[in-house]
Amino acid sequence: MNQINELFTNAQIDLTGLPEAEQMEMIPLEPAYKKVRYISAALVAVIMIFAVWVFAFFQPDLSPYGYTGAGLVTLLAAWMVYYNGLVFHYMGYAIREKDITYKSGWLWKSMTTIPFNRVQHCDLRQGILDRRFGLSKLTIYTAGGQSTDLMIPGLLPDTAEKLKAFILRSTEQSIEQE
Amino acid sequence: MDSTSNLYQPQRQSPKAVILILLKYIRIIVRQMWPILLIVLINPTSGKGIIITIIALGIAFISLIYSLVAYTRYYFFIQNNELCVRSGVFRKIVLNVPFDRIQSVDFKRNLVHQFLNVVSVQVDTAGSKGSELELDAIELERAEELREIVLAYKRERHVSNIDNSDPIPPIPVVPEAPELILSLSPKDLIKIGISENHLRTAAIIFAFFLGLADDLDQLLGWDIYGQLENTTTAMSIFGLVATLLAIPLFIGISFSITLIRTVLKYYGLKFWREGKSFKVVSGLFTRNEKSIQKSKIQVIRWVTSPLKRIFGIYQMNIYQATNVDQNQDKSLVIPGCYQQQVDHTLDTIVPDFKDAVFTSHQMHPSIVRLMVFLFGFIPAILFGLMAWYNEGMMQWLLTLVFPLAIWMGYLYQRKRRLKIHPDFLVSEGGIFGNSYKLIEIYKVQSVHIESSPMQRRRGLTSLHVFTAGGDISFPYLNATIARQARDYIMYRVEMEEKSWM
């Protein structure tokens, strides 16, 4: 099959000269956020494990399938907790002059980029666990709908506040230039 | 009323808002629980009824408390040319909406508002979900003051930007004569009605009756399935004949419903261009008029199905920047038009598209394997197990989903194309029909790239390009191409001086 390995066959711009989002230095999230991830995953896991074992216990005629299933769910839950903590190391954000990028995921990787001149507004949120560990979440909204909103968790409230101010300032500047 | 209200100070809504917030919650709860409420109304004295009444009262009480707390925690104010809202019962939510992003400030008054002499203020940012802001109830004077501040700010900005190409002035200076792009004759409508998706109507009817049967079953203990089963097993020959008769009847009913619906809905459809906006007028009983400003158009999509291709017609959708919730409402739909009308419309909206030379990229063939696995292999295994378990000969036929998936997966991969031009992005696809989706690159809002371990092994990623009126998603694209596309789109958007709407 004739595989085309160029973006444009009639390129008018030098594509190699474009700034590449891939080569950016990613800023990691606050280490405390790893704890938040572990704790929230562990809470879900404990509830799951508890529920399946109670179920297996009170349905003895299902044994040994009930207990095997419960064992499997336990392993799965443990893996989920481990994975939740692990992916922390793959999360990060990067800010360039004109856009912001957030990446996440270890097995399923994803990366979102939003140009500042498309930002609608930003907000800061704190969940109960976040408050406990002194963290904030920054969400950046565009007009592209819910699926394009970019949420950066695990920021120090101070950093989050500064980031938000920076983004809003950049957004305003880009609008003024228009 | 205190006239010294200062909008620059954090303040609560009118105390009357409590009533409105409460009503809002009750409405939500009632919408969720109407089947249960129905039981209570039908059979109020049964034991169940009493318990449910108690629960309902409890929920009402909790909502009242919740509304009170929500009210006391809700503050709004103006700061640095932004409208700010602080709220949240359990979590703290701070929302800032810069005046620049505000599209409109509308007041809404329903009966309760009128009775309480307050207004609900809706701030539309034409942005994402969650960005629209609603103040449930504030006094009219204060609402007007708020709107005046926002509008004054926008006027000022407008004056300082007047030499620039600013968004559309409210009244076009030279009103152009409206140009009729197309109108549908009754003959066209019948063609469209015939070629609509009848399977969908059939599925909707089927789902509706199934849902109804289910509800009645649970609510009133009418065992509809049991009765059906009894009648069909008792008179199996009669049952078979009934089924054989029912199928064409069912198809016939679906067919007529779609046909009638199409004709009523799109009767006398006319598609106009009026200066800088497009307008569709249609409908026999309720005449609908929808218009879209040209600058707000984000995505244009035209599709044809095998049936539609016989008549040579396309369905066209024009999507505009909108809140995601209301996407359906705000798109212009032209249920049927011929190739040259599609070309003409495209020519009017995006004049450069006609001569654009595209570079096209295909999906990696390994997507077929994934699709066959998900939509062929797994269902076939499940159907096979079911057939084996029930010893039903007919059920074995369902495993034919496997070869079907191979065929459809192959067609899908062969037809999917991502076409790139410095100004445009087109996504082509369709299994039996053809579909085309066009966006202008400078209107892109954000770009998302993701990859699974399987994709990475082959150097592939999924590319998602979002605009304010829809997106283009292209899985299994060469990773280098996807990255280059992302970098190029970002460059193009960041350099663009034209407003995206």
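Here the structure is a predicted model, which means the values were calculated and not measured.

**Examining the overall build of chain A**
Tallying secondary structure elements over chain A gives four helices and seven strands in all. Listing each helix as α and each strand as β along chain A from the N terminus yields β-α-α-β-β-β-β-α-β-β-α. Buried positions account for 31% of the 178 residues belonging to chain A. Intrachain contacts of chain A at a sequence separation of at least 6 include 53% that bridge at least 24 residues.

**Observations regarding the overall build of chain B**
Counting its regular elements, chain B contains 16 helices and 20 strands. For chain B, the proportion of its 501 residues judged to be buried stands at 27%.

**Details of the interface of chain B and chain A**
Contacts between chain B and chain A engage 51 residues on the former and 47 residues on the latter. When contributions to the side of chain B that touches chain A are tallied by element, the ones reaching two or more residues are β3 (92-98), β14 (359-362), β18 (444-451), β19 (460-467) and α16 (479-495) of chain B. Among the elements that line the side of chain B that touches chain A, the one with the most residues is α16(B), at twelve residues. In terms of residue class, the side of chain B that touches chain A is made up of 22 nonpolar, 18 polar and eleven charged. Relative to β3(B), strand β5 (residues 119-126) of chain A is paired through four bridges, and the arrangement is antiparallel. Bridge pairing in β3(B) places R125(A) opposite I93(B).

**Brief notes about the packing of helix α12 (residues 366-390) of chain B against helix α14 (residues 401-415) of chain B**
Residue and element names in this part refer to chain B. Two numbers describe how α12 lies on α14: the axes approach to 8 Å, and their chain directions differ by 165°. One way to sum up the angle between α12 and α14 is to call them roughly antiparallel. Where α12 crosses over α14, the two elements pack in a sense that is right-handed. Where α12 abuts α14, its residues I367, V368, M371, V372, F375, G376, F377, P379, A380 and F383 lie against V401, F402, A405, I406, G409, Y410, Y412 and Q413. Of the residues that constitute the contact of α12 with α14, the class distribution is 15 nonpolar, three polar and no charged.

**Quick word on the packing of helix α1 (residues 32-58) of chain A against helix α2 (residues 65-86) of chain A**
Residues and elements named next belong to chain A. Two elements in contact, α1 and α2, have axes separated by 8 Å at closest approach and are oriented at 175°. Taken as axis vectors, α1 and α2 run roughly antiparallel relative to one another. Of α2, the residues touching α1 (which contributes K34, R37, Y38, A41, A42, A45, M48, I49, V52, W53 and A56) are G66, Y67, G69, A70, V73, T74, A77, A78, M80, V81, N84 and G85. Its residues placed into classes, the contact of α1 with α2 shows 16 nonpolar, five polar and two charged.

**Considering the sheet that holds strand β1 (residues 75-79) of chain B**
As summarised here, the arrangement of the six strands in space is β7(A)-β6(A)-β5(A)-β3(B)-β2(B)-β1(B), forming an open sheet in which the pairing is antiparallel. Of all the strands in the sheet, just β7 (150-155) of chain A together with β1 of chain B have a single pairing partner and so form its edges. Put simply, the sheet's adjacent strands are angled 15° from each other on average, direction ignored. One ladder, built from four bridges, connects strand β6 (residues 136-142) of chain A with β7(A); its direction is antiparallel. Paired with I140(A) across the bridge in β7(A) is L150(A).

**What to know about the pairing of β18(B)**
Burial analysis of β18(B) places seven of its eight residues in the buried class, the great majority of the element. As paired strands, strand β4 (residues 109-115) of chain A and β18(B) are joined by five bridges and run antiparallel to one another. Each bridged residue has a counterpart across the sheet, and for K109(A) the counterpart in β18(B) is S451(B). Sheet analysis places β18(B) next to β19(B), joined by six bridges and oriented antiparallel. Residue I449(B) lies in a different strand from β19(B), and its bridge partner there is L463(B).

**A look at unusual backbone geometry**
The phi angle of most residues is negative, glycine excepted, and most peptide bonds adopt the trans form. Residues and elements named next belong to chain B. With a phi close to 45°, N80 is a non-glycine residue in the positive phi region. By the element assignment, N80 lies in the loop between β1 and β2 (82-87). A tally of 11 C-beta atoms within 10 Å means that N80 is categorised as exposed. Its identity is not glycine, yet N117 carries a phi of approximately 60°, on the positive side.

**Side note on α1(A)**
Residue and element names in this part refer to chain A. For α1, with 27 residues, the first-to-last C-alpha span of 39 Å sits near the 39 Å given by 1.5 Å per residue. The set of residues buried in α1 consists of Y33, K34, V36, R37, A45, V52 and A56. Where α1 is buried, its residues touch α2, α3 (128-132) and β7.

What counts and what doesn't
- Residues numbered from 1 in each chain as written.
- Chains lettered and ligands numbered in written order.
- Predicted model: local features only at pLDDT ≥ 70, side-chain atom pairs only at ≥ 80, totals over all residues.
- Helix = DSSP H or I, 4+ residues; strand = E, 2+ residues; numbered from the N terminus.
- Buried ≥ 20, exposed ≤ 12 C-beta atoms within 10 Å, placed from the backbone.
- Contact = placed C-beta atoms within 7 Å.
- Nonpolar A, V, L, I, M, F, W, Y, C, P; charged D, E, K, R; others polar.
- Pairing = 2+ DSSP bridges.
- Axes fitted to C-alpha atoms, helices over the stretch in contact; angles between N-to-C directions.
- Parallel < 35°, antiparallel > 145°, perpendicular 65-115°, else oblique.
- Left-handed = near helix turned anticlockwise from the far one by under 90°.
- Expected span 1.5 Å × (residues − 1).

As far as function goes, none of this settles anything; it's purely spatial.
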